[in-house]
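Listed here are the chains, written in short residue letters.
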Number of protein chains: 2
Amino acid sequence: MDLKSIIRTVPDFPKKGIMFRDITPLLSDAAAFRHVIRQFLNYCKGKGINVVASAESRGFIFGSVLAYELGVPFVPLRKPGKLPYKKIRQEFQTEYSTDAFEIHEDAIKKGDNVLIVDDLIATGGTAKAAASLIEKLGGSVAGFAFVIELSFLHGREKLKGYDVFSIVNYDSE
Amino acid sequence: MDLKSIIRTVPDFPKKGIMFRDITPLLSDAAAFRHVIRQFLNYCKGKGINVVASAESRGFIFGSVLAYELGVPFVPLRKPGKLPYKKIRQEFQTEYSTDAFEIHEDAIKKGDNVLIVDDLIATGGTAKAAASLIEKLGGSVAGFAFVIELSFLHGREKLKGYDVFSIVNYDSE
């Protein structure tokens, strides 16, 4: 399935010069969405993944379905101030700004084998922060699964030593 | 399944006097999560739902799985500035503040029969805004499905005329 023909490119969003890859048409295409989840499930095979974690907001859309299909816990990583219980925080740089994510301290148990899912990897800042949070709580990162990779932003280099899977790659803006 | 024993209550979050109902333990319990989705699927039977829409962020977690299970499009309603394409906006009041959601103009087609899914209904402001966006684009609201209802905040009154389903109710703080 040619997902690039379904993903919409919006020029100059959120700022001039950025070609924004819009997944909403993919979400509106049930067959395409199913295709993405099936690819993720194939990637997971044999990895012994027992938790799926995703950062808000778009990551939730894919991570929750994958956790549901695998029958494992889904752990949301949230922007500061959203999670109500005991938590830890990790700051990071995105393609556009500085930000932070939080995770509940009881969301990960020592020895958990965690898949991190997101819609897109750009510079890898979000992904690296997610991995740090999971490892601080004693979990291992089994791998990363992304729908879209922007390889010209070299996010994989930031995730050296981790297993990284993506379905669709853009090698230039 | 007794979901109330799984949902965590955090006092005084996000501000003094609020008993926050925390769904993260439910997300960490794959059987409980599956139970929620099964209840939602039962509710959908015979309604001819052909789109599921949810507001960010926690709504995405349940709405995307339901859309996936039903094999229909998933439409995300997002905070201002997040959606890149042609869109419309609806402001609303929440339990805590004033806010707004946006939807892509091409996300709903005239005659779509849309289920709106969220984790929680409090005053109903978010839900009503979601319905307005869908109706402005020519869709019909087939119903609302919530995991948690805070009935002492009377959200159902704001949704008079609509079909409203919730799994767990709290009738006081």
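Look up a bit, the structure's there.
Overview of the structure. Just so it is clear, the structure is predicted and the values come from calculations on it, not from any experiment.

On to the packing of helix 2 (residues 30-44) of chain A against helix 3 (residues 58-70) of chain A, then. All names here are of chain A. Two elements in contact, helix 2 and helix 3, have axes separated by 10 Å at closest approach and are oriented at 60 degrees. Here helix 3 runs oblique to helix 2, going by the angle between their axes. Judged by the sense of rotation from one axis to the other, the crossing of helix 2 with helix 3 is right-handed. Residue-level inspection shows F33, V36, I37, F40, L41 and C44 of helix 2 in contact with helix 3, the latter providing I61, F62, V65, L66, E69 and L70. In terms of residue class, the contact of helix 2 with helix 3 is made up of 11 nonpolar, no polar and one charged.

Taken together, the contact pairs 36 residues of chain B with 37 residues of chain A. Buried surface at the junction of chain B and chain A, both sides included, amounts to about 3,100 Å², of which 61% is carbon and sulfur. The largest share of the area that chain B buries against chain A comes from R8(B), Y68(B) and P84(B), three residues that together contribute 22% of it. Our count for the chain B to chain A interface comes out at two salt bridges. Here R8(A) ties to D106(B) by a salt bridge, and the two come within 2.6 Å at their closest N and O atoms. Summed over the shared surface of chain B and chain A, the number is 18 residue pairs in polar contact (both at pLDDT 80 or more). Looking at the side of chain B that touches chain A, the elements with two or more residues in it are strand 1 (8-11), strand 2 (19-22), helix 1 (24-27), helix 2 (30-44), helix 3 (58-70) and strand 4 (74-77) of chain B.

What follows concerns the environment of V52(A). Residue and element names in this part refer to chain A. Here V52 lies in strand 3 (residues 51-55). Along the primary structure V52 and Y68 are separated by 16 residues, whereas in three dimensions their C-alpha atoms are 9.3 Å apart. Excluding residues that lie within four positions of it along the chain, V52 makes contacts with G63, L66, A67, L70, V72, P73, F74, V75, L115 and V117.

Next up on the list: the sheet that holds strand 7 (residues 113-121) of chain B. All names here are of chain B. Pairing in this open sheet of five strands is parallel, and the strands run 4-3-7-8-9 from one edge to the other. Strands with a single pairing partner mark the edges of an open sheet, and in this sheet they are strand 4 and strand 9 (164-170). Each strand of the sheet is rotated relative to its neighbour by a mean of 20 degrees, with strand direction disregarded. Here four bridges tie strand 3 (residues 51-55) to strand 4, and the two strands are oriented parallel to one another. Residue pairing across strands places V52 opposite F74, the latter belonging to strand 4.

All names here are of chain A. Here five strands make up an open sheet; going across it, the order is 4-3-7-8-9 and the pairing parallel. Across the chains shown, the open sheet's two edge strands, defined by having one partner strand only, are strand 4 (74-77) and strand 9 (164-170). On average, adjacent strands in this sheet sit at an angle of 20 degrees to one another, irrespective of strand direction. Judged from the eight bridges that link them, strand 7 (residues 113-121) and strand 8 (residues 140-150) form a sheet pairing that is parallel. What sits directly across from I121, in strand 8, is E149.

A few words on the nonpolar core. L26(A), F40(A), F62(A), L3(B), L26(B), F40(B) and F62(B) are the most contacted members of the largest nonpolar core, which totals 72 residues. Setting aside anything within four residues of it in sequence, one finds L26(B) in contact with L3(B), I6(B), I7(B), A32(B), F33(B), V36(B), F62(B) and V147(B).

Residue and element names in this part refer to chain A. By the criterion of burial, strand 7 is predominantly enclosed, with eight of the nine residues buried. The pairing of strand 3 with strand 7 spans four bridges and is classified as parallel. By the bridge assignment for strand 7, V51 is matched with V114. Running through helix 4 (residues 125-136), the crossover from strand 7 to the neighbouring parallel element strand 8 is right-handed.

On to the pattern of salt bridges, then. Pairing of side chains with opposite charge becomes possible as their charged atoms draw close. Summed over all chains, the structure comprises 18 salt bridges over all chains. A salt bridge links R58(A) to D119(A); its shortest N-O distance comes to 2.5 Å. Taken together, the residues span a long stretch of sequence, with R58(A) in helix 3 and D119(A) in strand 7 at a distance of 61 residues. Connected via shared salt-bridge partners are R8(A), D22(A) and D106(B).

All right, on to the relation of the copies chain B and chain A then. Laying chain B over chain A is done by rotating through 180 degrees and shifting 0.0 Å along the axis; what remains is an RMSD of 0.0 Å. Overall, the copies show the geometry of a two-fold rotation axis. A share of 100% of the interface residues of chain B reappears at the interface of chain A, consistent with the copies meeting face to face through the same patch.

Another point: unusual backbone geometry. A cis amide bond links E56(A) to the next residue, S57(A), at an omega of -10 degrees. With respect to the secondary-structure elements, S57(A) resides in the loop between strand 3 and helix 3. Positive phi is not limited to glycine here, since H154(A) has a value of about 60 degrees. Along the chain, H154(A) turns up in the loop between strand 8 and helix 5 (155-158). A positive phi angle is found at D12(B), which is not glycine, with a value near 60 degrees. Following the sequence through the fold, D12(B) ends up in the loop between strand 1 and strand 2.

The rules we used
Residues numbered from 1 in each chain as written. Chains lettered and ligands numbered in written order. Predicted model: local features only at pLDDT ≥ 70, side-chain atom pairs only at ≥ 80, totals over all residues. Heavy atoms only, no water. Axes fitted to C-alpha atoms, helices over the stretch in contact; angles between N-to-C directions. Helix = DSSP H or I, 4+ residues; strand = E, 2+ residues; numbered from the N terminus. Parallel < 35°, antiparallel > 145°, perpendicular 65-115°, else oblique. Left-handed = near helix turned anticlockwise from the far one by under 90°. Contact = heavy atoms within 4.5 Å. Nonpolar A, V, L, I, M, F, W, Y, C, P; charged D, E, K, R; others polar. Buried area = accessible area lost by both parts, 1.4 Å probe. Salt bridge = Lys/Arg side-chain N within 4 Å of Asp/Glu carboxyl O. Polar contact = N/O pair within 3.5 Å; in protein donor to acceptor, adjacent residues only side chain to side chain. Pairing = 2+ DSSP bridges. Core = buried A, V, L, I, M, F, W, Y, C linked by side-chain atoms within 4.5 Å. Buried < 20%, exposed > 50% of the residue type's maximum accessible area, 1.4 Å probe, protein only. Right-handed = clockwise from strand over helix to strand, strands pointing away. Least-squares fit on C-alpha atoms with pLDDT ≥ 70 in both.

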